[in-house]
Amino acid sequence: MADDLRLVDIQNEHLDDVVRVRSRSFGLLEAGRLEEWKADAQVWITDRRIVGVMDGDEVVAAARFWPFEQWWSGRKVPMAGVAGVVVAPEYRGRGVGSMVMRGILARAVEQGYPLSGLYPATTVIYRHLGYEFGGGRYRYTFPAADLRSLGGKEVSVRRAGPADAARFLELAGELHSSGRSSGPLVWPEAKVAEWLGEDNSFCYLADDGFVVYGWQGGKLRVEELIAGSEATARALWSIVGSGSSISTEVEAHLAPDDPANLLVPTEADHNVQVEHWMLRLLDAPAAIAARGFAPGASLEVDLDLDDSELSANTGRWHLSVSDGAGSLTPVSSTGDALRLGSRGLTALYAGTPLGSVRKAGLAWGGSASDDGAIDTAFSGATSYMLDYF
């Protein structure tokens, strides 16, 4: 039976098979959610962003990716967000998951994505394919009454909806660029408009900020809050906290250093929930060129890269960083250089200190005197995501 396994582009006639495999992996989709999934699937098919593995005439595994951009040190980098990785139970442990993921990697490279990211159900398969942890999705819990008392009544705030999608993206871009954020995603405008139009999305817009929140399990949950000033932050959080008579707590997905933790009079719940996500460099030179780097950092160092899955990344490279930008160019120099596999390079890209990367056995060689300059170049705020996909 293994001889019949082959990688395919998923087409309309395969969708029922994909739904069946998905149901065995994640559970049944409700009727409304199924229709939404099928509508999204038409875009995935048209854009060739969904692949599968077939055994004979039956799909036994599938995966797809979203066309994201991701902020890295204040600059946007195209990122293929892998999701819906499903394998029929009777085919698990037979290399089928790796087969479909290799198809996804090849397609993302073909379409020009320098990065790929995902939320792992298990880390083993993804590490085997070169992914490593890139950051977390952090959820805090605040007393609603504390938020309600923050003030900000002098700020003009209005209800928002799908027509404001472009403005929401603009405001988020301004904040993430100036704040040198790492990790947050940029969704296509059409998907942002859908999000703002959902029945459970309560959306408010100020001149320099916005909030989107709703009900989740009997609590209020903030999906995203952007504020360019203290007054706007206070105003938007107060709107969320105005539901304190119904919900005593408010959950919020935030950056670890979000100013909300400094504004509220009492600290957030100690039990912060973190979902870790993984990252992979698909095109190392393009990923380095697109990323932002620490202002004032200066770096000239040779790297020996070894990528067993994507051979174009393998070889001797010179990494140069100056004026907040970087480049990775092939060189023919000899001698010792910092040696990294795909996981080690990803960890470094995500801001993991080189000392930790070395102690994990993911980097070796080079001059220890360069480690501080390398850490400075890649340093910045803790990488995080607000969205689950």
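A few points on the structure.

About the criteria used
Residue indices follow the written sequence of each chain, beginning from 1 at its first position. Confidence filtering applies because this is a predicted model: local features only for residues at pLDDT of at least 70, side-chain atom pairs given and counted only at 80 or more, and all residues used for totals across whole chains, interfaces and linings. Side-chain numbers come from the whole structure's heavy atoms, not from hydrogens or water. In plain words, nonpolar cores are sets of buried Ala, Val, Leu, Ile, Met, Phe, Trp, Tyr and Cys residues tied together by side-chain atoms within 4.5 Å. For every residue, the accessible area obtained with a 1.4 Å probe (protein chains only) is divided by the maximum for its type, and the residue is called buried under 20%, exposed over 50%, and partly exposed between those limits. Strands here mean DSSP runs of E at least two residues long; helices mean DSSP runs of H or I at least four residues long; both are numbered from the N terminus. When checking whether two residues touch, look at their non-hydrogen atoms; a contact exists if any pair is within 4.5 Å. Two strands make a pair as long as DSSP finds a minimum of two bridges between them. For helices, the axis comes from a line fit to the C-alpha atoms of the stretch in contact; other axes are also lines fit to C-alpha atoms, and the angle between any two N-to-C directions lies between 0 and 180 degrees. The way it works is a 1 Å grid over only the protein atoms, where trapped points that fit a 1.4 Å probe form a cavity and open points with protein on both sides within 12 Å along at least five of seven lines form a pocket, and then any residue with an atom within 4 Å of a point lines it. Grid points are joined across faces, edges and corners, and a volume is the space filled by probe spheres set on the points. Note on terminology: angles under 35 degrees are roughly parallel, angles over 145 are roughly antiparallel, angles of 65 to 115 are roughly perpendicular, and the others are oblique. Take a side-chain nitrogen of Lys or Arg and a carboxyl oxygen of Asp or Glu: if they are within 4 Å of each other, that pair is a salt bridge. Less than a right angle of anticlockwise turn of the near helix away from the far helix marks a crossing as left-handed, whereas a clockwise turn marks it as right-handed.

## Description of the nonpolar core
Thought 1: Counting 100 residues, the largest nonpolar core has Leu115, Tyr131, Leu319, Leu340, Tyr349 and Phe389 as the members making the most contacts within it.
Thought 2: Among the elements that take part in this core, strand E3 (residues 58-72) stands out by supplying nine residues, more than any other.
Thought 3: Residues in contact with Leu319, not counting those within four places in the same chain, are Ile288, Leu299, Glu300, Val301, Leu303, Ser327, Leu328 and Phe378.
Thought 4: Of all hydrophobic cores here, the second largest spans 27 residues; its members include Tyr213, Ala227, Val250 and Ala255.

## Remarks on the sheet that holds strand E14 (residues 299-306)
Through backbone hydrogen bonds, the strands of a sheet pair up, either in parallel or in antiparallel fashion.
Thought 1: An order of E16-E15-E14-E17-E18 is seen for the five strands of this open sheet, with the pairing classed as mixed. At either end of the open sheet lies a strand with only one pairing partner, and these are strand E16 (325-330) and strand E18 (363-365). For this sheet, the mean inter-axis angle between neighbouring strands, taken without regard to orientation, is 30°.
Thought 2: With four bridges connecting them, E14 and strand E17 (residues 338-341) associate as parallel partners. In the strand pairing of E17, Asp304 is matched with Arg339.
Thought 3: Running at roughly 105° to E17, helix H11 (residues 342-349) makes contact with E14 and E17 of the sheet.
Thought 4: Here helix H13 (residues 371-378) sits on the sheet in contact with E14, strand E15 (315-322) and E17, set at roughly 90° to E14.

## So, empty space enclosed by the protein
Thought 1: Counted under the stated rule, the structure contains one cavity of 30 Å³ or more.
Thought 2: Roughly 60 Å³ of volume is contained in the largest cavity.
Thought 3: Looking at the largest cavity, the residues that line it are Leu281, Leu305, Asp306, Asp307, Asn313, Leu340, Gly341, Ser342, Leu345 and Thr346.
Thought 4: Listing elements by their share of the lining of the largest cavity, those giving two or more residues are E14, E17 and H11.
Thought 5: With three residues, the single largest contributor to the lining of the largest cavity is H11.

## A word on the packing of helix H6 (residues 165-178) against helix H7 (residues 189-196)
Thought 1: Packing of H6 against H7 leaves a shortest axis separation of 8 Å and a crossing angle of 110°. In terms of orientation, H6 and H7 fall into the roughly perpendicular class. Contact with H6, carried on its side by Ala165, Ala166, Phe168 and Leu169, involves Glu189, Val192, Ala193 and Leu196 of H7 and no other residues of that element.

## Section: the pattern of salt bridges
Thought 1: The tally for this structure, following the rule as stated, stands at 24 salt bridges.
Thought 2: Arg107 is the partner of Asp9 in a salt bridge, and the nearest nitrogen-oxygen pair spans 2.6 Å. With a gap of 98 residues between them, Asp9 in strand E1 (residues 5-9) and Arg107 in helix H3 (residues 96-110) connect regions that are remote in the sequence.
Thought 3: Under the relative-accessibility criterion, Arg107 is labelled buried at 10%.
Thought 4: The shortest N-O distance in the salt bridge between Glu110 and Arg107 comes to 3.5 Å. Taken as a pair, Glu110 and Arg107 lie in helix H3 at a separation of three residues, close to a single helical turn.

## Considering the packing of helix H1 (residues 15-26) against helix H2 (residues 31-46)
Thought 1: At a minimum axis separation of 12 Å, H1 and H2 run at an interaxial angle of 125°. With respect to H2, the element H1 is oriented oblique. Judged by the sense of rotation from one axis to the other, the crossing of H1 with H2 is right-handed. Contacts between H1 and H2 involve Leu15, Asp16, Val18, Val19 and Arg22 on the former and, on the latter, Leu34, Trp37, Lys38, Ala41, Gln42 and Ile45.

Nothing here speaks to function; it is all geometry.
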